[in-house]
Amino acid sequence: MTSIDLNADLGEGFGRWRLTDDEGLLTVVTSANVACGFHAGDPVTMRRVCELAAERGVVIGAQVSYRDLAGFGRRSMDVPSGELAAEVAYQIGALAVFARAAGTRVAYVKPHGALSNRVVRDEAQAAAVVDGVLLAGGALPVLGLPGSRLLDLAGRAGLPVVPEAFADRAYTDAGTLVPRGRQGAVISDPDAVVQRSVGLAVSGTVTAWSGARVEVRARSLCVHGDTPGAVELARRVRRRLEASGVRVEAFA
C-alpha cells in the first residue's frame, strides 16, 4: 500500500496573536512543523503545541527560518554561514526542550519560507542549514524539496532526507515552487487541492503552471495551516487519500 505523511506548519503565532488552528490541525496531520521563534512562535506557544502533539501522537519537527519576525520569515537574507548554522541549531535546541518536557522529541527539521526557497539552489546556505542540524546533535531527518541542494548535502552528510510536496502551491516545469509573489502561486480551490494531493501521493506527479505534468516524488505532503479553512481542507485531503488506498502515516 502507498503511504504518505501529512504535515502542517503549526505554532505560527506570537504572544496573544495566533495564526494557525493548532488544536484542530493536530487532529488530522501526522507531523507538526513547529515554529521555533524566529519567524513566528514564542516559548509559551512552542510548549503548548508540543504538549498537544504529544497527547495526540503527532510527530514534532523543528521549522527553522531566518530571524525575521516582522516578515514572517519570507524575506530572503544574506546570513553568514557560521551565523546561520548557529541559529538553526539554536532553534532546534529551543524546541527540543519543550518536546522533552512533553515526553516526546524533535524528530526532524524543516526550513521555512525564504530559507526553504533559498536552500533549493544556494549551496552555501544549504550547507549552513546542514551544519546547524549536525551541531544540534543526532541524525535528524531533513524535510525539503526533491532535487534541492539541501537534500543533496544532507544526504552526503549522513542525514536521512525526506522529499516534500505541496498540494496548494503551483509548480514550475522544473519541479520547483512558483514564487508566492506571482499570481496563481497559491492554489485556493479546495477541490483542486484535494485532487492534487491524491495525484502526488498515488502517481508522484502534479500539473505544473504551464499545464505540463511534472514528476514530484514525495514522502510527505504539506497542508498550510494559515490557509482559510485549513482544518476542514486537511480533513478532506486525508479522507480522500485514505479512500484512494493511501495509508497516511508519519515518516519519522
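Along each chain, the written sequence defines residue order, and numbers are assigned to residues from 1. With the structure being a predicted model, the display of local features is reserved for residues of pLDDT at least 70 and the display and counting of side-chain atom pairs for 80 or more, all residues being used for whole-chain, interface and lining totals. The side-chain numbers reported here are obtained from all heavy atoms of the structure, hydrogens and water having been left aside.

Draft legend 1. Here's a closer look at the overall build of the protein. Secondary structure elements are defined from DSSP: runs of H or I of at least 4 residues count as helices, runs of E of at least 2 residues count as strands, and each element is numbered from the N terminus. Along its length, the protein carries 8 helices and 12 strands. The quantity called the radius of gyration is restricted to C-alpha atoms. Its globule counterpart is 2.2 Å times the number of residues to the power 0.38. For the protein, whose C-alpha radius of gyration is 17 Å, the value lies close to the compact-globule estimate of 18 Å for 252 residues. Its C-alpha atoms give the protein principal-axis dimensions of about 40 × 40 × 35 Å. We call a residue buried when its accessible area falls under 20% of the maximum for its residue type, exposed when it is over 50%, and partly exposed in between, using a 1.4 Å probe and counting protein chains only. In the protein, which comprises 252 residues, the proportion classed as buried is 55%. In the protein, once contacts between residues fewer than 6 apart in sequence are set aside, the share between residues at least 24 apart is 70%. For the protein, the accessible area works out to roughly 10600 Å², and carbon and sulfur atoms hold 52% of it. By definition in these notes, contact holds between two residues if any of their heavy atoms fall within 4.5 Å. All accessible areas in this document rest on Shrake-Rupley with a 1.4 Å probe, and a residue is counted as covered only by the protein chains that are shown.

Draft legend 2. Layout of the pairing of strand S6 (residues 106-111). By the criterion of burial, S6 is predominantly enclosed, with 6 of the 6 residues buried. Each pair of strands is called paired provided DSSP finds at least two bridges between the two strands. Pairing analysis gives 5 bridges linking strand S5 (residues 59-64) to S6, with the strands arranged parallel. In the strand pairing of S6, Ile-60 is matched with Val-106. If the strands point away from the viewer and the path from the first strand over the helix to the second runs clockwise, then the crossover is right-handed. For the handedness criterion, the β-α-β arrangement of S5, helix H3 (residues 81-101) and S6 is classed as right-handed.

Draft legend 3. Structural context of the packing of H3 against helix H5 (residues 123-136). For helices, the fitted axis covers only the stretch in contact; all axes are lines through C-alpha atoms, and the angles between them, taken along N-to-C directions, range from 0 to 180 degrees. At a minimum axis separation of 7 Å, H3 and H5 run at an interaxial angle of 40°. With respect to their mutual orientation, H3 and H5 come out oblique. As for how H3 packs across H5, the hand of that crossing is right-handed. Every residue of H5 that contacts H3 at Ser-81, Leu-84, Ala-85, Ala-86, Val-88, Ala-89 and Ile-92 is listed here: Ala-124, Gln-125, Ala-128, Val-129, Asp-131, Gly-132, Val-133, Leu-135 and Ala-136. Amino acids outside the nonpolar list (Ala, Val, Leu, Ile, Met, Phe, Trp, Tyr, Cys, Pro) and the charged list (Asp, Glu, Lys, Arg) are all regarded as polar, and Gly is one of them. Considering only residue class, the contact of H3 with H5 consists of 12 nonpolar, 3 polar and 1 charged. For classification purposes, angles smaller than 35 degrees are called roughly parallel, those larger than 145 roughly antiparallel, those between 65 and 115 roughly perpendicular, and all remaining angles oblique. Each crossing is labelled by how the near helix is turned from the far one, with a counterclockwise turn of less than a right angle marking it left-handed and a clockwise turn marking it right-handed.

Draft legend 4. Structural detail: the packing of aromatic side chains. For this analysis, a ring pair means two rings from Phe, Tyr or Trp (six-membered ring only for Trp) whose centres lie within 6.5 Å, classed as stacked if their planes differ by under 30 degrees, edge-to-face if by over 60, and tilted for the remaining angles. All told, the structure shown has 2 aromatic pairs when counted by the stated rule. Centre to centre, the rings of Phe-38 and Tyr-90 are 5.9 Å apart; their planes meet at 40°, and the pair counts as tilted. Here the residue Phe-38 occupies a position in the loop between strand S4 (31-35) and helix H2 (43-56), and Tyr-90 occupies one in helix H3, the gap between them amounting to 52 residues. Owing to a relative accessible area of 5%, Phe-38 belongs among the buried residues under this scheme. For Tyr-90, a relative accessible area of 57% translates into the label exposed.

Draft legend 5. Representation of the packing of H5 against helix H6 (residues 149-156) in the model. Viewed as axis vectors pointing N to C, H5 and H6 meet at an angle of 45°, and their least axial separation amounts to 9 Å. Taken as axis vectors, H5 and H6 run oblique relative to one another. Considering only the axes of H5 and H6, their crossing is right-handed. Contacts between H5 and H6 pair Glu-123, Ala-126, Ala-127, Val-129 and Val-130 from the former with Arg-149, Leu-150, Leu-153 and Ala-154 from the latter.

Taken by themselves, the reported measurements are silent on function.
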